[in-house]
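Inside the fold
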Amino acid sequence: MAMEMRLPVARKPLSERLGRDTKKHLVVPGDTITTDTGFMRGHGTYMGEEKLIASVAGSVERVNKLICVKALKTRYIGEVGDIVVGRITEVQQKRWKVETNSRLDSVLLLSSMNLPGGELRRRSAEDELAMRGFLQEGDLISAEVQAVFSDGAVSLHTRSLKYGKLGQGVLVQVSPSLVKRQKTHFHDLPCGASVILGNNGFIWIYPTPEHKEEEAGGFIANLEVISRLRNCIISLVTQRMMLYDTSILYCYEASLPHQIKDILKPEIMEEIVMETRQRLLEQEG
Amino acid sequence: MFVNLGWQGMGQGWTQGSQLKGARGRHMQDRERKTGGFVLEVTQLPLAEALKVEGEADPQRTVECELEGVGLAHVSVLFQIRGSRARALPDRALVNCQYSSATFSTGERKRRPHGDRKSCEMGLQLRQTFEAAILTQLHPRSQIDIYVQVLQADGGTYAACVNAATLAVLDAGIPMRDFVCACSAGFVDGTALADLSHVEEAAGGPQLALALLPASGQIALLEMDARLHEDHLERVLEAAAQAARDVHTLLDRVVRQHVRE
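Residues numbered from 1 in each chain as written. Chains lettered and ligands numbered in written order. Predicted model: local features only at pLDDT ≥ 70, side-chain atom pairs only at ≥ 80, totals over all residues. Heavy atoms only, no water.

In the annotation of an unreviewed UniProt entry, chain B is listed under the name Exosome complex component RRP41 and assigned to Homo sapiens. Per UniProt, chain B carries the Sequence similarities (unreviewed entry) text "Belongs to the RNase PH family." (UniProt positions renumbered as here; feature names shortened; annotations may be inferred.)

**Remarks on the nonpolar core**
With 56 residues, the main nonpolar core has Leu126, Phe130, Ile134, Ile146, Tyr158 and Val255 of chain B as its most contacted residues. When residues of this core are traced back to their parent elements, those giving at least two are strand E7 (94–101), helix H1 (117–133), strand E8 (142–153), helix H2 (157–172), strand E9 (181–188), strand E10 (191–194), strand E11 (207–213) and helix H4 (230–260) of chain B. When residues of this core are assigned to their parent elements, the largest contribution, eleven residues, is made by H4 of chain B. Ignoring anything within four residues of it in the chain, the contact list for isoleucine 134 of chain B reads Val95, Ile144, Val169, Ile174, Pro175, Met176 and Arg177 of chain B. Listed in part, the 33 residues of the second largest apolar core include Val179, Val225, Ile226 and Val273 of chain A. (Core = buried A, V, L, I, M, F, W, Y, C linked by side-chain atoms within 4.5 Å. Buried < 20%, exposed > 50% of the residue type's maximum accessible area, 1.4 Å probe, protein only. Helix = DSSP H or I, 4+ residues; strand = E, 2+ residues; numbered from the N terminus. Contact = heavy atoms within 4.5 Å.)

**Focus on the packing of helix H4 (residues 223–238) of chain A against helix H5 (residues 245–255) of chain A**
Residues and elements named next belong to chain A. In the contact formed by H4 and H5, the axes pass within 9 Å of each other and the chain directions differ by 110°. Classified by the interaxial angle, the pair formed by H4 and H5 is roughly perpendicular. Handedness of the H4/H5 crossing: right-handed. Every residue of H5 that contacts H4 at Val225, Arg228, Leu229, Cys232, Ile233, Ser235 and Leu236 is listed here: Ser247, Ile248, Cys251, Tyr252 and Ser255. Broken down by class, the residue content of the contact of H4 with H5 amounts to eight nonpolar, three polar and one charged. (Axes fitted to C-alpha atoms, helices over the stretch in contact; angles between N-to-C directions. Parallel < 35°, antiparallel > 145°, perpendicular 65-115°, else oblique. Left-handed = near helix turned anticlockwise from the far one by under 90°. Nonpolar A, V, L, I, M, F, W, Y, C, P; charged D, E, K, R; others polar.)

**What about H4 of chain A?**
Residue and element names in this part refer to chain A. With 16 residues, H4 should reach 22 Å at 1.5 Å per residue; the first-to-last C-alpha distance of 23 Å fits that figure. Most of H4 sits out of view: twelve of its 16 residues are buried. Where H4 is concerned, the buried positions are Val225, Ile226, Arg228, Leu229, Asn231, Cys232, Ile233, Ile234, Ser235, Leu236, Val237 and Thr238. The positive-phi residue at the C-terminal boundary of H4 is arginine 240, with phi of around 55°. (Expected span 1.5 Å × (residues − 1).)

**Focus on H1 of chain B**
It helps to recall that an α-helix has 3.6 residues per turn; residues three or four apart then point in one direction. All names here are of chain B. For H1, spanning 17 residues, the distance from its first C-alpha to its last is 24 Å, which sits close to the expected 24 Å at 1.5 Å a residue. Every buried residue of H1 is listed here: Ser119, Met122, Gly123, Gln125, Leu126, Thr129, Phe130 and Ala133. Down the axis of H1, the sector holding all buried residues measures 165°, keeping them to one side. Taken together, the buried residues of H1 touch E7, E8, H2, E11 and strand E12 (218–225). (Arc of directions from axis to C-beta.)

**Re the pattern of salt bridges**
Tallying each qualifying case throughout the model produces seven salt bridges over all chains. In this structure, glutamate 131 of chain B and arginine 127 of chain B form a salt bridge, with 3.4 Å as the shortest nitrogen-oxygen distance. Highlighted residues: glutamate 131 of chain B and arginine 127 of chain B, both in helix H1, separated by four residues, approximately one helical turn. Accessibility expressed as a relative area gives 32% for arginine 127 of chain B, which makes it partly exposed. A single network of salt bridges, built from pairs that share partners, joins Glu79, Asp82 and Arg181 of chain A. (Salt bridge = Lys/Arg side-chain N within 4 Å of Asp/Glu carboxyl O.)

**Re the layout of surface pockets**
All names here are of chain A. Considering only enclosed or pocket space, the second largest pocket measures out at about 1,100 Å³ in volume. If you go around the second largest pocket, you meet 41 residues; those closest to its centre are His43, Thr74, Ile77, Glu79 and Arg103. Every element with two or more residues in the lining of the second largest pocket is listed here: strand E4 (45–48) and strand E7 (66–71). Ranked by the residues each element gives to the lining of the second largest pocket, the list is headed by E7, at four residues. Among the residues making up the lining of the second largest pocket, the classes are represented as 19 nonpolar, 13 polar and nine charged. (1 Å grid on protein atoms, 1.4 Å probe; cavity = no way out; pocket = protein on both sides within 12 Å on 5 of 7 lines; lining within 4 Å. Points joined across faces, edges and corners; volume = space filled by probe spheres on them.)

**Things to note about the UniProt feature "domain: Exoribonuclease phosphorolytic" (unreviewed entry) in chain B**
Per the UniProt record, "domain: Exoribonuclease phosphorolytic" (unreviewed entry) is found at residues 76–175 and 178–242 of chain B. Secondary structure over residues 178–242 of chain B splits into 28% helix and 42% strand, and the C-alpha atoms at its two ends are 17 Å apart.

**Section: the sheet that holds strand E5 (residues 51–54) of chain A**
Residues and elements named next belong to chain A. With antiparallel pairing, the three strands of this open sheet are ordered in space as E2-E5-E4. Edge positions in the open sheet fall to strand E2 (32–34) and E4, since each of these has one partner strand only. Neighbour to neighbour, the strand axes of the sheet diverge by 45° on average, direction disregarded. Here E4 pairs with E5 via four bridges, running antiparallel. Of the residues in E5, the one forming a bridge with glycine 48 is lysine 51. (Pairing = 2+ DSSP bridges.)

**What to know about a nonpolar patch on the surface**
Residue and element names in this part refer to chain A. Taken together, the side chains of Met1, Met3 and Met5 make up a nonpolar region of the molecular surface, amounting to roughly 520 Å² of accessible area. For methionine 3, the position within the fold is in the segment before strand E1 (26–27). Under the relative-accessibility criterion, methionine 3 is labelled exposed at 66%. (Patch = residues over 30% accessible without salt bridge, like charges linked within 9 Å, V, L, I, M, F, W, Y side chains within 5 Å. Areas by Shrake-Rupley, 256 points an atom, 1.4 Å probe, with all protein chains shown as cover.)

**Here we look at the packing of aromatic side chains**
All names here are of chain A. A full pass over the atoms with the stated rule returns one aromatic pair over all chains. For the pair tyrosine 163 and phenylalanine 186, a centre-to-centre distance of 6.0 Å together with 45° between the ring planes defines the contact as tilted. Pair noted here: tyrosine 163 is in the loop between strand E12 (154–157) and strand E13 (164–165) and phenylalanine 186 is in strand E15 (residues 186–188), with a separation of 23 residues, a long-range link. On the basis of relative accessible area, tyrosine 163 is assigned to the buried category, the value being 8%. (Phe/Tyr/Trp six-rings, centres within 6.5 Å; stacked < 30°, edge-to-face > 60°.)

**So, the packing of H2 of chain B against H4 of chain B**
Residue and element names in this part refer to chain B. Orientation of H2 relative to H4, taken along the N-to-C sense of each, is 25°, at an axis distance of 12 Å. Judged on the interaxial angle alone, H4 and H2 are roughly parallel. As H2 packs across H4, the resulting crossing turns out to be right-handed. In this structure, H2 uses Asn163, Leu167, Leu170 and Asp171 to contact H4, whose residues at the interface are Val247, Leu251, Val255 and His258. Here the residues of the contact of H2 with H4 sort into five nonpolar, two polar and one charged.

Below, the structure written as structure tokens:
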């Protein structure tokens, strides 16, 4: 069997960041942001001796009188209305604990879940006992953030037909800061697969259900498409590009001439992402 | 000083120099507790840095202390935040530090059991240092675990652990008051020396370990072994502080470069 061995090579940093904003104010913990006391302090800052000091490493964002520092890489911080993809870790008395790559486990209350049959009724003791029948430990769900508790824990709900347990597909875990906020996070790509871009960094790729037929067949038939998409997403993430439907699609198209397993090689990755970047820039202006 | 900073790699790019290299990320699954973690490898190698400290008693004798590429300690840091009910404090985060030393870290290969005294003590010291630096009020009911493993020990292991853990905590996006920079210092033959190597430590003179928050000049932890006359304390402290500030400059530069990318 032929094996391929690769040696690590010094990578030249892509300093030609086309279109990247170089005017950002970058800070590290301990840096003074401003000594003007007129500003309100937001996340990532703290007040020390009449100075506003940064507490994380990142870029300073200013909205009128509010200053906050957006950290480069954090766990997911929930905001109401975000779509997330999570994995059930525990089944508790009246709720499920969901892992969403945030600081504390998220909570999915039994009352926030749609009952089969769509009835609106009070959840009874039998429903509690039947909880495990709906969602078990290890299941993947897509949900929306309903509320955020004071300590940062997030409460989810699946009160819509588009949310719920996920079937066959591939999960890709990326950093939450790379997922672009858009109007919709459920995309059907023309290549035959659909993708859910969770705000928490969990991306779910699955075959587009065509008229709800052929579930098992759909996955196997689309295996190549799904694998290619997954590798494309990973290459975009390595090059720190924002993830949204257009960028994923362009990356997919740019990768078609290569073999699926070659996409993960650093040089090919760079090539594909450069092409994607150029296409995106052309499209913008 | 020369720091390689790696983070959970989504790709396999390797770089040299004080740039970032994608390191393999390991996602741990534990049965009792759900954890998610990153393995962050930080290797710290001192460059040939000459720290000249003049002995006041004898002006002709200038002592040059050169640190040549032998290495303070290589530290690999893994940390995670999780919500745990077991030992959770309701209003702030618990910081848990564990120190371990690889068998190949010292001159002779020695197997160290995990719960031994030195590890526990180091862990406790690291915990005190980081509880002072991390803003724990922002993470109630959570635990922040910092696991440090020494890959090569050649004196100054505490300092290297603290510096590496600072970078790791920073990379995780956990809010901190400031960098924590640490350095060891000692007193040999009337001169204050900074950043002792293993040989110098083994010589048996007084040693000082200092962890500093550079921006405010506050001391997070100050620890000393053996006896030192208080007249000399000032100088030794100053040497350690200066070295810590140099470390800070380096870490600062590396982190800014990282953030820029």
